[in-house]
Amino acid sequence: MVLKVYGHRISEPSRAVIIFCKINRIDFEEIQVEVLKGQQFSKEYGAPMRQIPAIVDGHLKLIESHAILIYLCCSFPGVASHWYPGDTQKRAKIHSILDWHHSHLRRGAAGLVYTTILAPLNDLRSFLQIVIQAEEILLRSLSELENVWLKLDGSFLGGSSQPSIADLSLSCEVMQLELLGEKDYHRILSPYKKVKKWIEDVRSATTPYFDEIHEYLFEYQKGIREQMATQSGKNKGRAKM
């Protein structure tokens, strides 16, 4: 039975799982869940706990992208060892980065994108204090990414010369910032030179799949920025009246 991957390419953890499967030639069926329309909460969505990404592999149903990536590394032949090395100390470092990801970088990046972009586009209220807090967490996380996890020699997290599942997970998270307005994106990310170079290193190491899977994100970004420009023009017109 072929592996089933439930997700949506607007979702950063979904992209990480799909890229991983493609780069490691894991045969899978991608099942798109229209998360922006709330399909994950419908009766038709059979994966556990109504989250994406999720996988079904035979009798196993699994959520949480980090757990999914670890499972894929350990269960499918042919996965390159650098993604999740057998050495326990190297694995411990990867787990440390992944745990940090959820409690720091993800809180900031996903929080800021949702409160400033996705919530308003779906007619949901956005609170200024939450926006400020999310950006503070994001900037602090990018600084730690730049000065702690990318401090050591090596192109990838923790000083590795090859990417791990931590690099894939965190790089997809940072890529989500592309949904911000152009000025905000450059204001937030431009000070972090190591982070920007690391993104390019991950992209190069996973070519052509990194760009292929992120095409949806950039298409969505284009639509968002056009919509924001139109809304800005209408607001300026009202101000002149």
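Provided above is the structure to which this section pertains.
What comes next concerns the included structure. (Residues numbered from 1 in each chain as written. Predicted model: local features only at pLDDT ≥ 70, side-chain atom pairs only at ≥ 80, totals over all residues. Heavy atoms only, no water.)

Details of the packing of aromatic side chains
Phase 1: Within this structure, the stated rule accounts for 4 aromatic pairs.
Phase 2: Ring centres of F20 and W83 lie 5.6 Å apart, and the angle between their planes is 80°; this geometry places the pair in the edge-to-face category. One end of the pair, F20, is in helix α1 (residues 12-23); the other, W83, is in the loop between α2 (65-75) and α3 (88-121), and 63 residues separate them in sequence.
Phase 3: Under the relative-accessibility criterion, F20 is labelled buried at 0%.
Phase 4: Judged by its relative accessible area of 3%, W83 is buried.
Phase 5: Where W100 meets W149, the ring centres are 6.0 Å apart and the plane angle is 65°; that geometry is what we call edge-to-face. With W100 in helix α3 and W149 in helix α4 (residues 128-149), the pair connects residues that are 49 residues apart, well separated along the chain.
Phase 6: Of the residues examined, W100 reaches a relative accessible area of 8% and is grouped as buried.
Phase 7: Taking the relative accessible area as the measure of exposure, W149 reaches 15% and is therefore buried. (Phe/Tyr/Trp six-rings, centres within 6.5 Å; stacked < 30°, edge-to-face > 60°. Helix = DSSP H or I, 4+ residues; strand = E, 2+ residues; numbered from the N terminus. Buried < 20%, exposed > 50% of the residue type's maximum accessible area, 1.4 Å probe, protein only.)

Here's the deal with the pattern of salt bridges
Phase 1: Scanning the entire structure with this criterion turns up 9 salt bridges.
Phase 2: For the salt bridge of K22 with E212, the shortest nitrogen-to-oxygen distance reads 3.4 Å. Of the two residues, K22 is situated in helix α1 and E212 in helix α8 (residues 209-240); the sequence distance between them amounts to 190 residues.
Phase 3: Among the residues examined, E212 registers a relative accessible area of 27% and is labelled partly exposed.
Phase 4: With a closest N to O distance of 3.3 Å, R187 and D184 form a salt bridge. Residue R187 and its partner D184 are both found in helix α6 (residues 182-189); the two are separated by 3 residues, about one turn of the helix.
Phase 5: We classify D184 as partly exposed; its relative accessible area is 37%.
Phase 6: Residues joined in a network through salt bridges with shared partners are E12, R106 and E173. (Salt bridge = Lys/Arg side-chain N within 4 Å of Asp/Glu carboxyl O.)

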